[in-house]
Amino acid sequence: MARHISSSQTNSSAESTVPSENKAAGISWRPWITVLIVLILGALVFQSLHSLLANVHYRSIVHAVKHTPLSNLLLAMLATAVSYCALAGYDFSSLRYVGAKVKGRTIGLTSFIAYALGNTIGLGVLTGGTVRMRLYTASGVEASQVAQAIAFNATAFGLGMTTFGAIGLLWGAPQVEAMASIPSWLLRAIAVLVLLGVSGFIALCAARRELLLFGRWNLRLPEAGLALRQLVISAVDLSAAAATLWFLLPSGVIDLPTFVAFYAIAMALGVISHVPGGVGVFEAVILLACANHAPTSDIAAALLLYRSIYFFLPLLLATALLAGFEARAGAGAPVARAAVKLSPWLLTALTLVTGTMLLISGVTPATRHAEELLRLHVPLFVVEASHLIGSVAGLAMLFLARGLLHRLDAAWWASLGLTIIAGILALPKGIAVSEFIVLFVLASLLVISRKQFDRKSSLFSQTFEPGWLIAVACVLAACGWILLFAYRDIDFADRMWWQFAFDDYAPRSMRTLMVVAIMALGLGLWQLFRRSAGVAERPGEDELQRAGALISKQAAADACLALMGDKSLLFSTSGNSFIMFAKHNRSWVALSDPVGDQREWSELIWRFIELADSHGGRAAFYKVRPQTLPMYLDAGLRVYKLGEEAYVPLDDFSLQGPRRANLRHGVNRAEREGLSFDIVAVEQLPPLLDELRAVSDAWLAEHDTREKSFSLGGFEDEYILRQPVAVIRRQQQIIAFATLMCPQESRVEAAIDLMRQLPDAPPGTMDFLFAKLMLHFKEQGFQRFGLGMAPMSGMKDHQLGSRWQRFGRMLFLHGGRFYNFRGLRSFKDKFDPVWEARYLVSKGGLAPIFAFTDTAALISGGLKGAIGK
């Protein structure tokens, strides 16, 4: 969608350990290939714009902007408001489609923020989808439902754009023929076929509720009324958005229905290009469509105003809206709190736009009126210095924006200081009043949102991704093109570098751009060649002892897996919390949520992401609980369901009653067969270690498998001796055992880790073990007993569900060759447990696939073990 386009490293200390093999970061060519494609497209766009604007002068565009009637500007703002109100209809419809109930006020707030952010930036975390996931989950909507709603939005917009592009094409075929050299009868025929297809789809919605696609997927069709209503919403949205630009064009250039067709084509090409915001692509199509009907300078001026009104103004208002939540006392509702957490995202986008504005201002001339005022009241050296400092501030803001995205305190202070300095210098630079106003507003919003930037970290410890550096390079390249365009009548010569006068704007702009480019190049080279930080070792006994003290107070039993010693530990600055993680290839995978003081979890998550980034890796979090998802969403990560984990509430657990009849009979049978249950304390384990190892070896041999690691315990002597063990004996011989994860101080959750039995153990031995353990831990005052995860269970096989969910469902049903997915779920179901979702959290794109396979390799000791047993 051309207007809906979505297409700090922390200092190492003795408190964190990083595996030695993590030092070398691998090279991933995929991001570079993507960037290369975007650069090629960008070069083609610049070339097209250069050709289209060959006879246009910079001052004529400025003149057209200044002389746009106020009434036209107000009409464009009104049309923008109508369009954004209509855009909320997409969210209302999508939530109705997935069956989620959300307050209308929340939908309106979410829709406005999502489109304001996604329209302007639309890359990485700064997309509408991440905003919807953050706010709708805070409203109680399941993450899978939000994903379906996002897919519905995209489909509905595409259908609406296609439909009304076809209507516009049907209306304005002769004008399109003149531009594209395609016969009008063929264009009308295509439009009629498209409209017939849309009509057929609506008829299908009226006739049936589901549609089987490719013999595999059931697509739940929307009601015909909902589909028709969505087309009406699309009509209002597209018409209002097109009208925003149409009102800014000179009167009589083109009729509105025909312009809607061109507008739809321009948006479609902007989507295909993957250029953020469709910048350049959209403009090229509109210039080409209207070039023969009005002066090109007037059309270019209208496009500049359109970008300001439809993109920048809503972003400014959305940021101010969130600042209002921040400033208003009592904004304690979950959605309000979640919305306030989005402030750094919008301020990041606003800072990027403002930095770009300062750089463009530095390569363009001031007005003649401003020049006269400067001659009278400002010394020349002040003008020169203001020009240079303002542009350097703009460059710095492009880099500081990343620190704001990561909520760094230092980035906030630096951004605020530079914004104030640039605002003060905007007047002596060129009486840039509008620039001063934007900078003043940004400074005010930064001050209001101060509480959101509380992460203490050095700006110089940040590591910028290649994509960020290349984006800055693209901005500088665009500034270079603008400089050449603004001074196209100037004969550039070497002596111009040393010309200083009030009206020597070209030399001043050249010097400014050169200084900025050299600074950007230096920073880029420093980033690319800086030495990677990190300590290369696994945790020692001291670290494991510190971790053990924290684990004993932890509610989640799987925190005990840190005691395996096979995972690195990243401690917080205070030492009151930590993340356990391991690395395979470029994936840095943290196991479950952080452990320890929950007030430090958010900061730890950020530190871990930055640590992975600094080594050229991709951060992922495996087996995350639904209660903690907002912290990961705030960090710009995405959520992918892994399966469901079972636990049995122990408050009312009993072997009595019909629900537990089978389990009760199994326990009675085991006792009749002479089985006995016992808990062996840690200090009593050493004499039994050889007997336990014999049981373990026999179990491994019978199942022809190997020891696991990472998220599962393995039979390592040091690990076994750190925890109590439950044993089942028959005639004084141990025939089965299970290591126990049971934080003693918290007494919230207990769980089994490693469980093994002899091949000749009686049937139902493990059922007996589980039942006895649950009764034991109930007596000990624990609240629940964890049965572990059933991978890929609870996945939705829905056409509008994500590909991840559909893949997981297919794996659950047909992946028995690799893992007994359904058998494990059935075994745990016999205990009548409560099921709770577990998630993989990572960046988007292909990152979750790599993270998933690398995690499987960590668990199984390599990909061969993951594919085998």
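These numbers come from a predicted model, not from an experiment.

Criteria and thresholds
Residues numbered from 1 in each chain as written. Predicted model: local features only at pLDDT ≥ 70, side-chain atom pairs only at ≥ 80, totals over all residues. Heavy atoms only, no water. pLDDT = per-residue confidence, 0-100. Contact = heavy atoms within 4.5 Å. Core = buried A, V, L, I, M, F, W, Y, C linked by side-chain atoms within 4.5 Å. Buried < 20%, exposed > 50% of the residue type's maximum accessible area, 1.4 Å probe, protein only. Helix = DSSP H or I, 4+ residues; strand = E, 2+ residues; numbered from the N terminus. Expected span 1.5 Å × (residues − 1). Pairing = 2+ DSSP bridges. Salt bridge = Lys/Arg side-chain N within 4 Å of Asp/Glu carboxyl O. 1 Å grid on protein atoms, 1.4 Å probe; cavity = no way out; pocket = protein on both sides within 12 Å on 5 of 7 lines; lining within 4 Å. Points joined across faces, edges and corners; volume = space filled by probe spheres on them. Nonpolar A, V, L, I, M, F, W, Y, C, P; charged D, E, K, R; others polar. Phe/Tyr/Trp six-rings, centres within 6.5 Å; stacked < 30°, edge-to-face > 60°. Lys NZ or Arg CZ within 6 Å of the ring centre and 35° of its normal. Axes fitted to C-alpha atoms, helices over the stretch in contact; angles between N-to-C directions. Left-handed = near helix turned anticlockwise from the far one by under 90°.

1. Side note on the confidence of the model for the chain
It should be kept in mind that the predicted coordinates are not to be read in detail where pLDDT is low.
So, step 1. In the predicted model, the chain carries a mean pLDDT of 81, and 84% of its residues have values of at least 70.
So, step 2. Here residues 1-28 is a poorly scored stretch, pLDDT under 50, and it has 111 contacts once near neighbours within four places are set aside; other chains count.

2. Thoughts on the nonpolar core
So, step 1. If you look at the biggest cluster of nonpolar residues, it comprises 159 residues, and the most contacted ones within it are Ile113, Phe259, Phe282, Ile286, Leu346, Phe608 and Phe621.
So, step 2. Looking at which element gives the most residues to this core, the answer is helix H12 (residues 296-327), with 17 residues.
So, step 3. Those residues in contact with phenylalanine 259 that lie beyond four places of it in its chain are Ala242, Leu245, Trp246, Leu249, Ile254, Ile286 and Cys290.
So, step 4. By size, the runner-up hydrophobic cluster in this structure holds 47 residues, among which are Ala646, Met766, Phe768 and Trp835.

3. Concerning the environment of serine 860
So, step 1. Counting through the fold element by element, serine 860 comes out in helix H30 (residues 847-860).
So, step 2. Considered as a pair, serine 860 and phenylalanine 710 are 150 residues apart in the sequence and their alpha carbons are 8.5 Å apart.

4. Some details on helix H24 (residues 661-672)
So, step 1. With twelve residues, H24 should cover 16 Å at 1.5 Å per step; its first-to-last C-alpha distance of 16 Å lies within 8% of that length.
So, step 2. Considered for burial, the residues of H24 that qualify are Ala661, Leu663, Arg664, Gly666, Val667 and Ala670.
So, step 3. Those residues of H24 that are buried lie in contact with strand S9 (675-680) and helix H27 (765-779).

5. Let's talk about the environment of phenylalanine 821
So, step 1. Along the chain, the position of phenylalanine 821 falls in helix H29 (residues 821-829).
So, step 2. Taking the C-alpha atoms as reference points, phenylalanine 821 and methionine 792, 29 residues apart in sequence, are found 7.2 Å from one another.

6. What to know about the pairing of strand S8 (residues 638-649)
So, step 1. Among the twelve residues of S8, nine are classified as buried, and the element is accordingly described as predominantly covered.
So, step 2. Here S8 pairs with strand S14 (residues 834-842) via nine bridges, running antiparallel. By the bridge assignment for S14, valine 639 is matched with valine 841.
So, step 3. Examined bridge by bridge, S8 and strand S13 (residues 784-791) share seven bridges and lie antiparallel to one another.

7. What to know about the pattern of salt bridges
Pairs may arise between side chains of opposite charge once their charged atoms sit close together.
So, step 1. Going through the model one piece at a time under the given rule, you end up with 30 salt bridges.
So, step 2. In this structure, the salt-bridge partner of aspartate 593 is arginine 625, at a minimum N-O distance of 3.8 Å. A residue pair is termed long-range when its members are at least 10 positions apart, and aspartate 593 in the loop between strand S5 (587-591) and strand S6 (595-596) and arginine 625 in the loop between strand S7 (618-624) and helix H23 (629-634) qualify at 32 residues. In this pair, the class of aspartate 593 matches that of arginine 625, namely buried.
So, step 3. When the shortest N-O distance is used, the salt bridge between arginine 729 and aspartate 678 registers 3.5 Å. Here arginine 729, found in strand S10 (residues 725-730), pairs with aspartate 678, found in strand S9; they are 51 residues apart in sequence, far enough to count as distant.
So, step 4. Judged by relative accessible area, which is 18%, arginine 729 ranks as buried.

8. Brief notes about the layout of surface pockets
So, step 1. Computed from the structure, the second largest pocket encloses a volume of approximately 700 Å³.
So, step 2. Along the walls of the second largest pocket sit 27 residues, with Arg337, Lys341, Gln452, Ser602 and Asp634 positioned nearest its centre.
So, step 3. For the lining of the second largest pocket, the elements supplying multiple residues, two or more each, are helix H5 (128-138), H12, helix H13 (334-340), helix H22 (601-614) and H23.
So, step 4. Take the lining of the second largest pocket: its biggest share by element is five residues, from H13.
So, step 5. The residue makeup of the lining of the second largest pocket, split by class, is eleven nonpolar, three polar and 13 charged.

9. So, unusual backbone geometry
So, step 1. One non-glycine residue, isoleucine 431, lies in positive phi territory at about 50 degrees.
So, step 2. The class of isoleucine 431 is partly exposed, set by a relative accessible area of 32%.
So, step 3. Here the phi dihedral of arginine 747 falls at roughly 50 degrees; this positive angle occurs in a residue that is not glycine.
So, step 4. Within the secondary structure, arginine 747 is located in the loop between strand S11 (733-741) and strand S12 (749-757).

10. Regarding the packing of aromatic side chains
So, step 1. Evaluation of the coordinates by the stated rule reveals 26 aromatic pairs.
So, step 2. One aromatic cluster is present, built from ring pairs that chain together Tyr84, Phe112, Phe259, Tyr263, Phe282, Tyr306, Tyr310 and Phe311.
So, step 3. Positioned over the ring face of tyrosine 115 is arginine 132, at 4.7 Å from the centre of the ring.
So, step 4. Between arginine 450 and the ring centre of tryptophan 412, over which it is positioned, the NZ or CZ distance is 4.4 Å.

11. So, the pairing of S5
So, step 1. Counting buried residues in S5 gives five out of five residues, a clear majority hidden from the surface.
So, step 2. Of the two faces of S5, the one carrying Ser587, Val589 and Leu591 and the one carrying Trp588 and Ala590 are both buried.
So, step 3. Bridge count for strand S4 (residues 577-584) against S5 is four bridges, and the pairing is antiparallel. Residue pairing across strands places alanine 582 opposite valine 589, the latter belonging to S5.
So, step 4. Hairpin connection between S4 and S5: a loop of two residues separates the two successive antiparallel strands, and asparagine 585 in this loop has a positive phi of roughly 55 degrees.

12. Thoughts on helix H25 (residues 689-703)
So, step 1. Along its 15 residues, H25 runs 21 Å from first to last C-alpha, staying within 8% of the 21 Å computed at 1.5 Å per residue.
So, step 2. Those residues of H25 that are buried lie in contact with helix H26 (717-720), S10, S11 and S12.
So, step 3. Trailing H25 by a residue or two, aspartate 704 shows a phi angle of about 50 degrees, which is positive.

13. Regarding the packing of helix H14 (residues 343-362) against helix H19 (residues 466-486)
So, step 1. Packing of H14 against H19 leaves a shortest axis separation of 10 Å and a crossing angle of 35 degrees. Of the two possible hands of crossing, H14 and H19 adopt the one that is right-handed. On H19, the residues touching Leu352, Thr356, Leu359 and Ile360 of H14 are Trp468, Val475, Leu476, Cys479 and Ile482.
So, step 2. Among the residues making up the contact of H14 with H19, the classes are represented as eight nonpolar, one polar and no charged.

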